[in-house]
Amino acid sequence: MKILTTVKKVVDVELNMHVKDGAIVQDGLQYVINAWDENAVEASVQLKEKNGAETTLVSIGGGDNTDMIRKCYAMGIDNGIHIEDPALNKADSAIFAKVLQKVYEKEKYDLVITGKQAQDTDSGQTGIMLAQYLGLPCVSNVISIEVTDDKHIKVSRLGDAGTEILEVELPAVVTVSDSINEPRLPQMRGIMMAKKKKINEMDLAALGTSADDVGAAAPKSEVIEFMASKVRKAGQKFEGAAAEIAAKVVNLLANEAKVF
Amino acid sequence: MNPLLMSLLLIVGLGIFARTMYYKITLLTALEPADRFNHIIERLKSVLILAFGQKRLVGREKERASGIMHAFIFWGFCVLIIRSLNLYGEGFVKGFQLPFFGEEFILGYLYLAVKDIMEGIVLAMVIYAVYRRAIVQPERLHNTFEAYLVLCLIGILMVSDIMYDAARYNLIVLHGNPDHLHFFNNPQYGSEFLWTPVSVLAAKLIPLTEDALGYIMVAGFWTHITTQLIFLNLLPLGKHFHVITSLPNVFLKSLGYPHDKPKLLNLEDEAAWEDESLGLNHLRQLTWKQGLDLYTCTECGRCKEVCPAYMTDKPLSLYDFNENLKHELYANAANIIKRAKLSETLKQTGDSDAEQAEKIKAEMAELNSKKQLVGDVIAEDTLWACTTCRACEEVCPVTIEHVPRIIAMRQGQTTIAEAYPKELNKALKGLERNGNPWGIGYDKRADWAEGLNVKMMADDSDAEYLFWVGCAGSFDDRTKKVSASVVKILQKAGVSFAILGVEEKCTGDFARRVGNEMLFQMMAQENIETLNNYKVKKIITACPHCFNTLKHEYPQLGGNYEVIHHTDFIHRLVKHGKITLNRSLEGKLTYHDPCYLGRYNSIYEQPRTILKSISNDGLTELGRHGNESFCCGAGGGRMWMEELIGKRINVERAKEIANLKAANVAVACPFCLTMIEDGMKELGKEEEIRTRDIAELVTKNMK
């Protein structure tokens, strides 16, 4: 079984982001693996451990992704592909999905596992679009994957009414929820061994495609501007006798907040 | 008496003993190296204080009685060594006396007196020891056959020697010394009888016939000699090996720092991964000193009694810990010795003969114990229960270093075995990504200092001191107040200082205590680079864990700084008149010693001096204080693990504080602050008993 996992590098959401002149201030930001993609990596490594599989990850953009990919190696991923091309600087989900399609078609895989969305854009489209481009079945928001035989997997997904259990014919694309597993922390031995492993770095040409081919020459959607989200004002704390506080609060609600 | 019999006994007795000792020493030499032969004078000093002075036996109030008992038995043995040599001589030459110990020397008489009285005292102590074991039965003691056997043998040794003298005296006095037995008599010093009250008294009990006394004397002599040789040969076989090994063990104890620092592992070393020599994964990886520690464990159980894990029903009994390791060491002794020899051969073979080398390696692998060190010999829950508080080491009369073995085993568990509590992952990941175990964005590290007018090193690297805030001081809401208090004090005293702000990362203490050497080194290297970049020389910190790591462990990676704990620094400020304290704190005040400040760094007095200067009600000590303070439960990475087994350590400590009816409890460590305050909340006493850091108390009570 060959599994392809997609991994995106995103801004560490623990950090405060600042916006200046419609762009995110890069100073002081650090980038980490997208949390859902980490679940996807864990899911493919678990499948490998249980059923035996060759696991490959692909990551697009992000500059130097060496650390992130090495960590995935340390988690148990076998091969890593990193695609970096200036033409992809303004790419949207559709373009990423196209690139991923090319990656898929080059090697052919039995199963593609992606995180259900990325922490930075939260759009949740790439995996589904990829399935569309490939003409493969797709299950989103998956919380468990089980290989039933060579040709089928059984997956559970969180649906509106509860957990849905589906049998899917392979090849297929699944996008995973963060409740599918608890990603392991890369262990030291794995980290040390991963240092020696190669990463397959390539641009669009090396992938056998071009900006035009994947639609990067004319993106269908584009981010024009970033705006900072509104910071909530800190609450007020009142101390003293209950009756006095009540009076004060009522006064403020009536005259300042004007809720009455 | 009988040179032939004497020779036979000595040859057999000492021969078997020498053989046993040879084997024990060979086993030690097969273990890993340890550098313990420097600073001889200092080492002799600790032997004098701890061994001959019996400091940890007599010095502890609650153990005074048994301490005195042991001390006299020990001193008795020291005294009796001369007597033994004399008796061996007597076996060959009638009336033999060691030089300067004969009847013409005052030394001879003095020695006789001391020896005689000592024998009486030791006998009394043996009786007390039996009474204590059989009737009082202290919880820490394990009543074993060996214990009674050895007490019995000591009793026989004393009685036989006393009876030998007593019978001799009666033969001389009552029967006119028919056999021309020797006895001291000197016009200047009087006769031997004047100097030996115990034997004279014993003589009064046996006014028998000449024949009977003759038999008693001969029997007393040979019983003493044979018992002594049997005793000598029994010692290495059990816990009484300490009689032989404790003096060297004390002599070889760690100096300068209370125990071996965690080993700086080279994770890049492929051979170490292959050999599984990162951390302690096999007993052969103990250092010979740690092997000697195991030989020396007396099974006295003092370590258990002060252990926060054991006292709250965790499955960690250091008594069993030592026992299990010792048995496993002995069970594998032959293989360990064989393996060490093969290892030597392998080194000599080198790369010259690859085939031969592979063969040796395979043979070596065969010699590993079939048991997993952690898992089969030491249970995982046992290993992870330790808070690394070092209370066990402080009370151990023979200076066994318990904690480094635990850290080394944890290193093995996180590197080779990859089997550590997974609940640590969140904190470890936080450390890796954002340099703090909470995993809060590193960009918020200096948020606590907003509006406090604190300089950043990036803006003013000329500041004299760096205030190392630590993760708790930066991210934990409660501890941020402590950081603010420290700032207030430093500003008041006009100290030139700055902080690193977002450039500071966890020192790596927590990672190292849980065996994650990679993260520790990563944190330490990055911090050292930052510190050296700003040419930082002096560091003040309010966290004893940061303090300990910066001061003692960063030098392993080339970071050398003068590190000062805030209590020590405040103490200096007061002493130099930079700040003036008011004795205005009302209510009973007590102090909880943090382990990494007290036991690890011997800072006991400075916090107390400060507290006494601000408290209008003095300072009331907790039952367990100073070097016997009871850990809050957060050290050794336990802060980041759930406490699911037994009682909660912090609640037990909080109860102790509550029982004292204190109104204020001072702490000097952010973890202690959290743990004690949480304990108080658990008891519903957080309003009644206020838990505050010394810095907070100082800001509230300074002019």
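Residues numbered from 1 in each chain as written. Chains lettered and ligands numbered in written order. Predicted model: local features only at pLDDT ≥ 70, side-chain atom pairs only at ≥ 80, totals over all residues. Heavy atoms only, no water.

### Focus on the overall build of chain A
The helix and strand tally for chain A stands at 7 helices and 13 strands. Dimensions of chain A, computed from the C-alpha atoms along their principal axes, are close to 70 × 40 × 40 Å. A burial count over chain A gives 42% of its 260 residues as buried. Pairs at least 24 residues apart make up 68% of the contacts formed inside chain A by residues separated by at least 6 positions. Seen as two clouds, the 30 positive and the 38 negative side-chain charges of chain A have centres 3 Å apart. (Helix = DSSP H or I, 4+ residues; strand = E, 2+ residues; numbered from the N terminus. Buried < 20%, exposed > 50% of the residue type's maximum accessible area, 1.4 Å probe, protein only. Contact = heavy atoms within 4.5 Å. Lys, Arg positive; Asp, Glu negative; His and termini not counted. Charge placed at Lys NZ, Arg CZ, Asp CG, Glu CD.)

### Examining the sheet that holds strand β4 (residues 497-498) of chain B
All names here are of chain B. Strand order in this open sheet of 4 strands is β4-β3-β5-β6, and the pairing throughout is parallel. With partners counted over all chains shown, the strands left at the sheet margins are β4 and β6 (562-565), one partner each. Where strand β5 (residues 538-541) meets β6, 4 bridges bridge the pair, whose relative direction is parallel. Directly across from K538, in β6, lies its bridge partner E562. (Pairing = 2+ DSSP bridges.)

### What about the packing of aromatic side chains?
All names here are of chain B. The final tally for this structure, using the stated rule, is 24 aromatic pairs over all chains. Look at F77 and F231: their rings are 5.6 Å apart centre to centre, the planes differ by 35°, and that puts the pair in the tilted class. You can see F77 sitting in helix α4 (residues 64-92) and its partner F231 sitting in helix α8 (residues 210-234), a full 154 residues away along the chain. Residue classification places F77 among the partly exposed residues on the basis of a relative accessible area of 22%. Relative accessible area serves as the criterion here: at 5%, F231 is assigned to the buried category. An angle of 65° between the planes, with centres 5.3 Å apart, marks the rings of Y109 and F184 as edge-to-face. (Phe/Tyr/Trp six-rings, centres within 6.5 Å; stacked < 30°, edge-to-face > 60°.)

### Here's the deal with the domain arrangement of chain B
Residue and element names in this part refer to chain B. Examined at the domain level, chain B breaks down into domain 1 (3-32 + 43-251), domain 2 (270-423), domain 3 (437-575) and domain 4 (589-700). For domain 3 and domain 4, the distance between their C-alpha centres works out to 22 Å. Taken together, the 30 residues of domain 3 in the interface contact 30 residues of domain 4. Summed over both partners, the interface of domain 3 with domain 4 buries about 2500 Å², with 72% contributed by carbon and sulfur atoms. Between domain 3 and domain 4 we count 2 salt bridges in total. Between E696 and R478 there is a salt bridge; the shortest N-O distance is 2.8 Å. Our count for the contact surface shared by domain 3 and domain 4 stands at 8 residue pairs in polar contact (both at pLDDT 80 or more). Listing elements by their share of the side of domain 3 that touches domain 4, those giving two or more residues are α22 (477-492), α23 (509-513), α25 (544-553) and α26 (566-575). (Domains from an automatic or database assignment. Buried area = accessible area lost by both parts, 1.4 Å probe. Salt bridge = Lys/Arg side-chain N within 4 Å of Asp/Glu carboxyl O. Polar contact = N/O pair within 3.5 Å; in protein donor to acceptor, adjacent residues only side chain to side chain.)

### Here's the deal with a positive patch on the surface
A cluster of basic side chains, namely K237(A), K481(B), K488(B), R690(B) and K700(B), defines a positive patch on the protein surface. We classify K488(B) as exposed; its relative accessible area is 52%. (Patch = residues over 30% accessible without salt bridge, like charges linked within 9 Å, V, L, I, M, F, W, Y side chains within 5 Å. Areas by Shrake-Rupley, 256 points an atom, 1.4 Å probe, with all protein chains shown as cover.)

### As for the sheet that holds strand β8 (residues 664-667) of chain B
All names here are of chain B. Pairing is parallel in the open sheet, where 3 strands are placed in the order β7-β8-β9. Where the open sheet ends on each side, the last strands, each with one partner, are β7 (589-591) and β9 (690-693). The sheet shows a mean angle of 30° between the axes of neighbouring strands, taken without regard to direction. Where β7 meets β8, 3 bridges bridge the pair, whose relative direction is parallel. By the bridge assignment, L589 is partnered in β8 with N664. (Axes fitted to C-alpha atoms, helices over the stretch in contact; angles between N-to-C directions.)

### Some details on the interface of chain B and chain A
In this assembly, 25 residues from chain B lie in contact with 19 residues from chain A. Between chain B and chain A, the buried area comes to about 2000 Å², and carbon and sulfur atoms account for 50% of it. Three residues, W273(B), R433(B) and M518(B), lead the burial of chain B against chain A; their summed loss comes to 28% of the area buried on that side. Summed over the shared surface of chain B and chain A, the result is 5 salt bridges. In this structure, R433(B) and E38(A) form a salt bridge, with 3.7 Å as the shortest nitrogen-oxygen distance. Joining chain B to chain A, the criterion identifies 12 residue pairs in polar contact (both at pLDDT 80 or more). Put simply, the parts of the chain that give the side of chain B that touches chain A at least two residues each are α10 (270-275), α19 (403-415), α20 (425-434) and α24 (517-533) of chain B. For the side of chain B that touches chain A, the leading source of residues is α20(B), giving 6 residues. Residues of the side of chain B that touches chain A, tallied by class, amount to 8 nonpolar, 8 polar and 9 charged. (Nonpolar A, V, L, I, M, F, W, Y, C, P; charged D, E, K, R; others polar.)

### A closer look at the pairing of strand β6 (residues 54-60) of chain A
All names here are of chain A. Taken across its 7 residues, β6 has 6 buried, putting it largely inside the fold. Of the pairings in the sheet, the one linking β6 to strand β7 (residues 79-83) comprises 5 bridges and is parallel in character. By the bridge assignment, S59 is partnered in β7 with H82. Assessed by its sense of winding, the connection that carries the chain from β6 through helix α2 (residues 66-75) to β7 is right-handed. (Right-handed = clockwise from strand over helix to strand, strands pointing away.)

### Digging into the pattern of salt bridges
Overall, the coordinates contain 53 salt bridges over all chains when judged by the stated rule. Where K71(A) meets E432(B), a salt bridge forms, and the shortest distance between an N and an O atom there is 2.6 Å. With K71(A) in helix α2 and E432(B) in helix α20, this residue pair bridges two chains. For K71(A), a relative accessible area of 35% corresponds to the partly exposed category. The class for E432(B) is partly exposed, based on a relative accessible area of 21%. A single network of salt bridges, built from pairs that share partners, joins R83(B), K115(B), E119(B), D161(B), D165(B), R168(B) and E192(B).

### Examining a nonpolar patch on the surface
Residue and element names in this part refer to chain A. A surface patch of nonpolar side chains, amounting to about 410 Å² of accessible area, comprises V250, L253, V259 and F260. Position of L253 relative to the elements: it lies in helix α7 (residues 242-255). Residue classification places L253 among the partly exposed positions, given a relative accessible area of 34%.

### Some details on unusual backbone geometry
L170(A) connects to P171(A) through a cis peptide bond whose omega is -5°. By the element assignment, P171(A) lies in the loop between β11 (163-169) and β12 (172-176). Of note, N141(A) is a non-glycine position whose phi angle comes to about 55°, a positive value. Of note, the phi angle at K661(B) is positive, near 60°, even though the residue is not glycine. Tracing the sequence through the fold places K661(B) in the loop between α28 (649-659) and β8.

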